[in-house]
Amino acid sequence: MSLSPIGGLRHSGSLFAMALDVVRTIPRRPFQTREFIQQAWFVASVTILPTALVSIPFGAVIALQIGSLTRQLGAQSFAGAASVLAVLREASPIVTALLIAGAGGTAICADLGARKIRDEIDAMQVLGIDPIHRLVVPRVLASMLVAVLLNGLVSVVGVAGGYFFNVVLQNGTPGAYLASFTTLAQLSDLWAAEVKALVFGAIAGIVASYKGLTAKGGPKGVGDAVNQSVVITFMLLFVTNFVMTAVYFQVVPQRG
C-alpha cells in the first residue's frame, strides 16, 4: 500500500467503488448459493470457538468493573442492568467484528490473494465471469450472516459470564441482578447491536475481498495484504461504531 496521500486516496476510492459494486451486484442472478453456504460454514467454523472463548473474559471484566463501581456508588441493584447494557450495546458487536475480521477476514483475503497471484482472477475475467458476483458477494453475505449469529452468541455468553462473576465472585444478589435487566435495557438495544454486527460483517468482508483481489508481489504480497486488511478493518470498525452509537442515542429515547 502506498504511503503517499495520493495513493491513500486512490485506495480509499477503489475500496468505496468496490463496495458499491458489491451492493449493485447482490440482486444479480443466479445467486451463488453453494459458494455462500460453503463460505458461511467456513467463516463460522473458524470464528465460533474463539468468539465464545473471548466473550467469557470480556463479560467477566465488564461485570467486575461495573460491580466494583456500583458498590462504591451504593447502587448494587443496577449492576445487572449496567452489565447487560455494556455487553449488548458495545461488547458483543465489537468482539464479533474483531473475530470476523481477524479470523474470517484474513482467511478470505488469503484465499482471494492466492487466486490473484495465480492469475485465476484474470482468467475468470477473460472468460467473462465477474469475480465480484462469483466470489466477493457470497463471501460478504456470509460474513454478514455469521456476524449476526455470533453477536447473539456473544450476548448470551457475555451476560451469563457477567452474572456468574457478579453473583459468585462479588457476592451480588441473583434476584436483583436479574430484575434489573429490564430497568435500563430495552429490546431496541439488541436490535441495534444486531444491525452493528451486520454492518461490521459487511465491512470486514468487503475490505478482506478488496485487499485479496488487489494483492500483488507473490506470496509476500498476499501476506502484506492480509495484514493490511486487518488493520484497515479495525480502523473502519471503530469509526463506524462511534458513528452508529451516536446516531442511536439521538434516535432512540433512553430510559431514565
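Residues numbered from 1 in each chain as written. Predicted model: local features only at pLDDT ≥ 70, side-chain atom pairs only at ≥ 80, totals over all residues. Heavy atoms only, no water.

The chain appears in an unreviewed UniProt entry as Phospholipid/cholesterol/gamma-HCH transport system permease protein from Streptomyces caelestis.

**Q** Can you walk me through the overall build of the chain in this structure?
**A** Broken down by element type, the chain carries nine helices and zero strands. Secondary structure of the chain in N-to-C order comes out as α-α-α-α-α-α-α-α-α. Buried residues in the chain amount to 46% of all 256 residues. Taking the intrachain contacts of the chain between residues at least 6 apart in sequence as the baseline, contacts between residues at least 24 apart amount to 85%. For the chain, the accessible surface area stands at approximately 12,700 Å², while carbon and sulfur atoms represent 72% of it. (Helix = DSSP H or I, 4+ residues; strand = E, 2+ residues; numbered from the N terminus. Buried < 20%, exposed > 50% of the residue type's maximum accessible area, 1.4 Å probe, protein only. Contact = heavy atoms within 4.5 Å. Areas by Shrake-Rupley, 256 points an atom, 1.4 Å probe, with all protein chains shown as cover.)

**Q** Help me understand the packing of aromatic side chains, please; the structure alone is not making it clear to me.
**A** Two measures describe an aromatic ring pair: the distance that separates the ring centres and the angle between the ring planes. All told, the structure shown has one aromatic pair when counted by the stated rule. Both rings, one in Phe31 and one in Phe36, keep their centres 5.8 Å apart while their planes meet at 55°; by these two values the pair is tilted. (Phe/Tyr/Trp six-rings, centres within 6.5 Å; stacked < 30°, edge-to-face > 60°.)

**Q** What am I meant to see in the nonpolar core here?
**A** Looking at soluble globular proteins, one finds that nonpolar side chains tend to be buried together. Core analysis: the biggest nonpolar cluster contains 42 residues, and Met18, Val22, Ile100, Ile132, Val136 and Leu213 have the highest contact counts within it. When residues of this core are traced back to their parent elements, those giving at least two are helix 1 (5–25), helix 2 (33–73), helix 3 (79–117), helix 4 (120–126), helix 5 (131–169), helix 8 (187–213) and helix 9 (218–251). When residues of this core are assigned to their parent elements, the largest contribution, eleven residues, is made by helix 5. In this structure, Met18 is in contact with Ile132, Val136, Ile206, Ser209, Tyr210 and Leu213, ignoring residues within four places of it in sequence. Residues Ile66, Val84, Leu88 and Val159 belong to the second largest nonpolar core, which totals seven residues. (Core = buried A, V, L, I, M, F, W, Y, C linked by side-chain atoms within 4.5 Å.)

**Q** What's the story with the UniProt feature "transmembrane region" (unreviewed entry) in the chain in this structure? I'm lost.
**A** When the UniProt feature table is mapped onto this chain numbering, "transmembrane region" (unreviewed entry) sits at residues 40–64, 140–165, 190–210 and 230–251. From the first C-alpha to the last, residues 140–165 spans 36 Å; its make-up is 100% helix and 0% strand. A distance of 31 Å separates the end C-alpha atoms of residues 230–251, which is 100% helix and 0% strand. (UniProt positions renumbered as here; feature names shortened; annotations may be inferred.)

**Q** In this structure, what is going on with empty space enclosed by the protein? I would like to understand it.
**A** To find the voids left in a structure, one rolls a probe of water-molecule size over its atoms. Counted according to the given criterion, the structure contains one cavity of 30 Å³ or more. Around the largest cavity, the lining residues are Arg89, Glu90, Asp189, Ala192, Ala193, Lys196, Thr245, Tyr248 and Phe249. Contributing elements (two or more residues each) for the lining of the largest cavity: helix 3, helix 8 and helix 9. Class assignment of the residues belonging to the lining of the largest cavity gives a composition of four nonpolar, one polar and four charged. (1 Å grid on protein atoms, 1.4 Å probe; cavity = no way out; pocket = protein on both sides within 12 Å on 5 of 7 lines; lining within 4 Å. Points joined across faces, edges and corners; volume = space filled by probe spheres on them. Nonpolar A, V, L, I, M, F, W, Y, C, P; charged D, E, K, R; others polar.)

**Q** How should I be thinking about unusual backbone geometry in this particular structure?
**A** Leaving glycine aside, a negative phi is the common case for residues, and trans is the common case for peptide bonds. A cis amide bond links Arg29 with the next residue in sequence, Pro30, at an omega value of 5°. In this structure, Pro30 sits in the loop between helix 1 and helix 2. At Asp119, a position not held by glycine, the phi torsion is positive, near 65°. If you trace the backbone, Asp119 turns up in the loop between helix 3 and helix 4.

**Q** Sorry if this is basic, but what is going on with a nonpolar patch on the surface here?
**A** Together, Val239, Phe242, Val243, Val247 and Val251 give the surface a local cluster of nonpolar side chains, amounting to about 500 Å² of exposed area. Positionally, Val247 belongs in helix 9. For Val247, a relative accessible area of 47% translates into the label partly exposed. (Patch = residues over 30% accessible without salt bridge, like charges linked within 9 Å, V, L, I, M, F, W, Y side chains within 5 Å. Salt bridge = Lys/Arg side-chain N within 4 Å of Asp/Glu carboxyl O.)

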